[in-house]
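Coordinate inspection notes
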Amino acid sequence: MWDTLLIDCHAATMAKTGERFGAIRDAAIGIDRGRLAFVGASASVKTGAREIHSLKGAWVTPGLIDCHTHAVFAGNRAQEWAMRLQGASYEEIAKAGGGILSTVKATRAASLEALVASTASRLLKMAEHGVTTVEIKSGYGLDLENETKMLVAAERAGKIANIHVSRSFLGAHALPPEFAHDRKAYLDRLCAEDIPKIAQQRLADSVDAFCETIAFTKDECRRVFEAARSHGLPVRLHAEQRSDQGGAQLAAEHGALSADHLEHLSEEGIAALARAGTVAVLLPAAYYFLRDTNPPPIAALRKAGVPIAIASDCNPGTSPMLSLTDVLNMGCTLFRLTPEEALQGVTRHAAKALGLEKEVGTLEAGKVADLAVWDIGDPAELAYWIGAHLMIERYVSGQLVRNAWRAE
Ligand code: DI6
Ligand code: FE
């Protein structure tokens with residue numbers, strides 16, 4: 001006897017079965033103790049369940065995974081955005097003390113409770129678009145107390161929104177104002193004090209860094225990576241967003257889980273990612289919001305066999321994006337991903353980018369029962385509609401969570 005059996009549905013398992021979207025029509029899904037006990041043709045179910053739930057012909061996908069966000073922050077940057085529309089560049093605003101540092105100021109001033117509340121409200125909106133796992137970075141605190149506050153807020157907000165949270169420590173996001181004239185001292189502290197403490201208190205699942213002219217150099221990011229790995233934390237990198245810094249090669253050398261953005265990724269960078277099995281995480285909403293014109297080298301990534309994920313990059317400066325299904329559309333429209341590649345990018349490949357590929361990302365027996373149920377006639381519609389609320393309900397670790405939009 002299983003806990004739950006879902007019937008009258010079609011499953012886009014996203015497993016590598018040779019079928020488009022790994023689809024199983026007329027499927028049934030058995031759930032037991034929070035895990036998938038069965039995913040297959042309804043005709044072959046042989047076990048009963050305490051509860052049977054008809055999905056009335058809906059499609060089921062793995063719960064969506066947003067593998068790159070900065071969802072914990074205070075305030076917003078609508079003013080700065082208006083300035084950019086008048087011609088100011090992201091770099092100019094950053095150099096004038098705006099940009100990331102203005103969010104640092106607001107986030108340092110916010111209480112833990114206020115951050116939990118604003119983050120939970122954002123995560124609940126993400127959940128309405130089918131998200132069951134989200135990666136959240138710190139990086140607007142830039143000292144141990146405020147980075148810790150962000151990472152604790154991320155965990156608490158996830159519990160409120162019924163979303164699993166994977167946390168990344170992004171102390172190397174920007175140089176904090178108090179270290180503006182001493183880069184080395186900040187990196188010394190980050191590597192010798194902050195990273196060891198974050199690791200010891202298990203506040204993060206990985207360490208990220210921003211490798212860019214306006215942030216940290218490749219050599220500085222290398223120091224951060226060495227400290228992270230010596231404390232047992234895997235790494236990921238914001239690489240080649242605005243310029244080619246050779247960040248992808250650095251990420252690959254350190255066996256990074258992912259290299260993210262990659263608009264200016266070189267041939268050598270692609271080869272390095274392919275060799276290391278590092279996931280390329282593309283962020284089309286940031287590309288859109290910055291009015292970027294240089295898309296990442298999709299065809300070459302595809303050819304090299306680099307797994308491609310896509311994510312919202314939800315943050316107040318470059319991507320105020322709360323709908324991962326709209327990100328699917330942008331991935332296809334702006335980057336020419338196929339709808340199937342886009343959906344892989346928020347399921348199987350996003351799971352790999354978080355090191356969670358054995359737990360989530362496909363509908364396969366044994367994995368966590370994280371599912372999204374959709375009002376669509378074909379999985380490609382998830383990437384096709386814009387601004388739609390297609391999700392009917394989610395299951396998170398086997399528990400039904402109804403969508404507030406559709407509560408009957
Ligand atoms: N890349 C991004 O897209 C965000 N951080 C980063 O390193 C932007 C963060 C911000 O502008 O607040
Ligand atoms: Fe980012």
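Here goes a summary of the coordinates provided. Keep in mind the model is a prediction, meaning the values are calculated, not measured. (Residues numbered from 1 in each chain as written. Chains lettered and ligands numbered in written order. Predicted model: local features only at pLDDT ≥ 70, side-chain atom pairs only at ≥ 80, totals over all residues. Heavy atoms only, no water.)

Looking only at helices and strands, the protein chain has 15 helices and 15 strands in total. Since a compact globule built from 408 residues should have a radius of gyration of about 22 Å, the 21 Å found for the protein chain is in line with a globular shape. Taken over the C-alpha atoms alone, the protein chain extends approximately 70 × 45 × 45 Å along its principal axes. Across the 408 residues of the protein chain, 60% fall into the buried class. Counting every atom, the protein chain has about 16,100 Å² of accessible surface; 52% of that belongs to carbon and sulfur. (Helix = DSSP H or I, 4+ residues; strand = E, 2+ residues; numbered from the N terminus. Rg over C-alpha atoms; globule rule 2.2 N^0.38 Å. Buried < 20%, exposed > 50% of the residue type's maximum accessible area, 1.4 Å probe, protein only. Areas by Shrake-Rupley, 256 points an atom, 1.4 Å probe, with all protein chains shown as cover.)

Let us look at the site of ligand 1. Within the structure, ligand 1 sits among 14 residues, and Arg77, Tyr90, Tyr140, His173 and Asp313 are positioned closest to it. Side-chain polar atom of His238 to an oxygen atom of ligand 1: 3.5 Å apart, as the coordinates give it. One of the side-chain nitrogen or oxygen atoms of Asp313 is found 2.7 Å away from an oxygen atom of ligand 1. Coverage of ligand 1 by the protein amounts to 100% of the 320 Å² it exposes when considered alone. Because more than half of its atoms lie within 2 Å of the grid, ligand 1 is assigned to the largest cavity. Grouping the constituent residues of the shell around ligand 1 by class yields four nonpolar, eight polar and two charged. (Near = heavy atom within 4 Å. Polar contact = N/O pair within 3.5 Å; in protein donor to acceptor, adjacent residues only side chain to side chain. 1 Å grid on protein atoms, 1.4 Å probe; cavity = no way out; pocket = protein on both sides within 12 Å on 5 of 7 lines; lining within 4 Å. Sits in = over half its atoms within 2 Å of the grid points. Nonpolar A, V, L, I, M, F, W, Y, C, P; charged D, E, K, R; others polar.)

Here we come to the coordination of the iron ion (ligand 2). Donor atoms from the polypeptide that coordinate the iron ion (ligand 2) comprise His68 (NE2), His70 (NE2), His238 (NE2) and Asp313 (OD), at 2.1 to 2.3 Å from the metal. Sequence positions of the donors to the iron ion (ligand 2) reduce to the motif H-x1-H-x167-H-x74-D. Remark: His238 occurs in strand β9 (residues 236-239) and His68 occurs in the loop between β5 (64-66) and α1 (78-85); sequence separation between them is 170 residues. There is no split in this pair, since His68 and His238 are both buried. (Donors = N, O, S within 2.8 Å, 3.2 Å for Na, K, Ca; no water.)

Two aromatic rings are characterised by how far apart their centres lie and by the angle between their planes. Per the stated rule, a full pass over the model turns up six aromatic pairs. Aromatic pair Trp2 and Phe38: ring centres 5.9 Å apart, planes at 20°, arrangement stacked. On the criterion of sequence distance, the pair formed by Trp2 in strand β1 (residues 2-12) and Phe38 in strand β3 (residues 35-41) is long-range, its members being 36 residues apart. Centre to centre, the rings of Phe179 and Tyr186 are 5.4 Å apart; their planes meet at 55°, and the pair counts as tilted. Per residue, the accessibility class of Phe179 equals that of Tyr186, and both read buried. Joined through ring pairs, the aromatic side chains of Phe179, Tyr186 and Phe216 make up one cluster. Between Arg122 and the ring centre of Phe73, over which it is positioned, the NZ or CZ distance is 3.6 Å. (Phe/Tyr/Trp six-rings, centres within 6.5 Å; stacked < 30°, edge-to-face > 60°. Lys NZ or Arg CZ within 6 Å of the ring centre and 35° of its normal.)

Under the defined criterion, the tally for this structure stands at one cavity of 30 Å³ or more. Empty space within the largest cavity amounts to approximately 110 Å³. Residue lining of the largest cavity: 14 residues in total, with His70, Tyr90, His173, Asn315 and Thr318 positioned closest to the centre. (Points joined across faces, edges and corners; volume = space filled by probe spheres on them.)

A word on the pattern of salt bridges. For the structure on display, the rule yields 21 salt bridges. Here Arg223 and Asp188 are joined by a salt bridge, their closest N and O atoms 2.8 Å apart. Of this pair, Arg223 sits in helix α7 (residues 218-230) while Asp188 sits in helix α6 (residues 183-200), placing them 35 residues apart in sequence. With a relative accessible area of 28%, Asp188 lands in the partly exposed category. One salt bridge connects Glu393 with Arg402, and the closest N-O pair in it is separated by 3.0 Å. For Glu393, a relative accessible area of 3% puts it in the buried group. Among the residues examined, Arg402 registers a relative accessible area of 49% and is labelled partly exposed. Through salt bridges that share partners, Glu135, Lys137, Asp208 and Arg236 make up one connected network. (Salt bridge = Lys/Arg side-chain N within 4 Å of Asp/Glu carboxyl O.)

Within the open sheet, the four strands sit side by side as β9-β10-β11-β12. Their pairing is parallel. The strands lining the two open edges of the sheet, one partner per strand, are β9 and β12 (308-310). Between one strand and the next, the sheet's axes are offset by a mean angle of 25°, whatever the strand orientation. Alignment of strand β11 (residues 279-282) against β12, held across three bridges, turns out to be parallel. Paired with Leu282 across the bridge in β12 is Ile310. (Pairing = 2+ DSSP bridges. Axes fitted to C-alpha atoms, helices over the stretch in contact; angles between N-to-C directions.)

Remark: helix α5 (residues 144-161) packs on α6, axes separated minimally by 11 Å, with the N-to-C direction vectors making an angle of 35°. Relative to α6, α5 is oriented so that their crossing is right-handed. For the pair α5 and α6, the contacting residues are Leu144, Thr148 and Leu151 in the first and Arg189, Asp194, Lys197 and Ile198 in the second. (Left-handed = near helix turned anticlockwise from the far one by under 90°. Contact = heavy atoms within 4.5 Å.)

This brings us to the sheet that holds strand β2 (residues 23-32). Judged by pairing direction, the sheet is mixed, and its seven strands sit side by side in the order β3-β2-β1-β4-β13-β14-β15 without closing on themselves. Edge positions in the sheet fall to β3 and β15 (399-402), since each of these pairs with one other strand and no more. This sheet shows a mean twist of 30° between the axes of neighbouring strands, independent of strand direction. In the sheet, strand β14 (residues 391-396) pairs with β15 via four bridges, with the strands oriented antiparallel. Looking at β15, one finds that Arg394 is bridged to Val401.

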